[in-house]
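Report on the structure
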Amino acid sequence: MHQIVFNEISAAELSAIPTLEQLELVSAFKVDEDCLKDKPSDKRFGVVERDGRKIYRFRSKDYRIYFTLEEDGTVVVQRLLHADSLNDFLFRSGIGKGSEDQKLGASRSFWKLIDDGEHANRK
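For the protein, the count of helices and strands is five helices and five strands. Start at the N end of the protein and walk to the C end: the helices and strands fall as β-α-α-β-β-β-β-α-α-α. Counting only residues that meet the buried cut, the protein has 43% of its 123 residues in that class. Counting contacts in the protein only where the partners sit at least 6 residues apart, residues at least 24 apart contribute 52% of the total.

Given below as C-alpha cells:
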C-alpha cells in the first residue's frame, strides 16, 4: 500500500463528485506493486505511455484516476476524469482505433492535462 496524495486539480475534481461516490472511489483505489506493472492483472489498472513517460490509470465505474508514482513510493493523483468527459475528449480529439490507454498515449492534449496536474500544488 502506498501513500496517496491529490494535487490541487485532482482534489477539486474529486470534490465535484457527490460525497458517497467520492467515498466509494477512494475506498476502491488501492495501489500495490501488481498494479504498477506494465500489464497489471487487475483490469481496472492500466498504463499510458508516450516518449518514455508513463502514467498509470485506475478505472472505477464512471471515473478514471490518472496517477504517477514517485521514487519514495508516493502515489500522486494527477487527474480524475468522468468517463463521459473522457469519451467526449477522445471523440473531439479524433483519436482512432485502439484501447483507451493506447489512444490517450498518442494524444498531445491528454499529456497537456497530465502536465497541468503535475505542475499543480499538492493537497
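From this point on, the discussion continues.
It is worth spelling out the pattern of salt bridges at this point. Applying the stated criterion to the full structure yields six salt bridges. In this structure, Arg50 and Asp51 form a salt bridge, with 3.7 Å as the shortest nitrogen-oxygen distance. Relative accessible area serves as the criterion here: at 23%, Arg50 is assigned to the partly exposed category. Of the charged contacts in the structure, one is a salt bridge between Asp115 and Arg53, with a shortest N-O distance of 2.8 Å.

A few words now on the side chain of Arg57. On the secondary structure map, Arg57 appears in strand β3 (residues 53–60). On the accessibility criterion, Arg57 (4% relative accessible area) is buried. A polar contact is formed between the side chain of Arg57 and the backbone oxygen of Arg44, at a distance of 2.7 Å.

As a further point, take the pairing of strand β2 (residues 45–50). Pairing between β2 and β3: six bridges, direction antiparallel. Across the sheet, residue Arg50 finds its bridge partner in β3, namely Arg53. Taking the residues that link successive antiparallel strands as the turn, the β2-β3 hairpin has two residues, and the phi of Asp51 there is positive, at about 50°.

Let us look at unusual backbone geometry. You will see that Asp51, though not glycine, has its phi angle at about 50°, which is positive. Take Asp51: it is sitting in the loop between β2 and β3. The backbone of Lys61 sits at a positive phi, close to 50°, despite the residue not being glycine. If you trace the backbone, Lys61 turns up in the loop between β3 and β4 (63–69). On the basis of relative accessibility, which here comes to 67%, the residue Lys61 falls in the exposed class.

Quick look at the environment of Asp72 now. In this fold, Asp72 is placed in the loop between β4 and β5 (75–82). Judged by its relative accessible area of 61%, Asp72 falls in the exposed class. For Asp72 and His2, which are 70 residues apart along the polypeptide, the C-alpha to C-alpha distance reads 9.3 Å. Among the polar contacts listed, one links the side chain of Asp72 to the side chain of Thr74, at a separation of 2.8 Å.

Rules used in this analysis
Each residue is numbered by its place in its chain's sequence as written, counting from 1. Local features in this predicted model are restricted to residues whose pLDDT is 70 or higher, and side-chain atom pairs enter the listing and the counts only when it is 80 or higher, whereas totals over whole chains, interfaces and linings include all residues. Hydrogen atoms and water are omitted, and side-chain values are computed over all heavy atoms in the structure. Working definition: helices are DSSP H or I runs of at least four residues, strands are E runs of at least two. Numbering for both runs from the N terminus. The cut-offs for exposure are 20% and 50% of the maximum accessible area for each residue type, with area from a 1.4 Å probe on protein chains only; residues under the lower value are buried, those over the upper are exposed, and the others partly exposed. The contact criterion used throughout is that any non-hydrogen atoms of two residues lie within 4.5 Å. Here, a salt bridge means any side-chain nitrogen of Lys or Arg that lies within 4 Å of a carboxyl oxygen of Asp or Glu. What qualifies as a polar contact is a pair of N or O atoms within 3.5 Å, subject to a donor-acceptor requirement within protein and to the restriction that residues adjacent in sequence count only when both atoms come from side chains. Any two strands are treated as partners once DSSP identifies two or more bridges connecting them.

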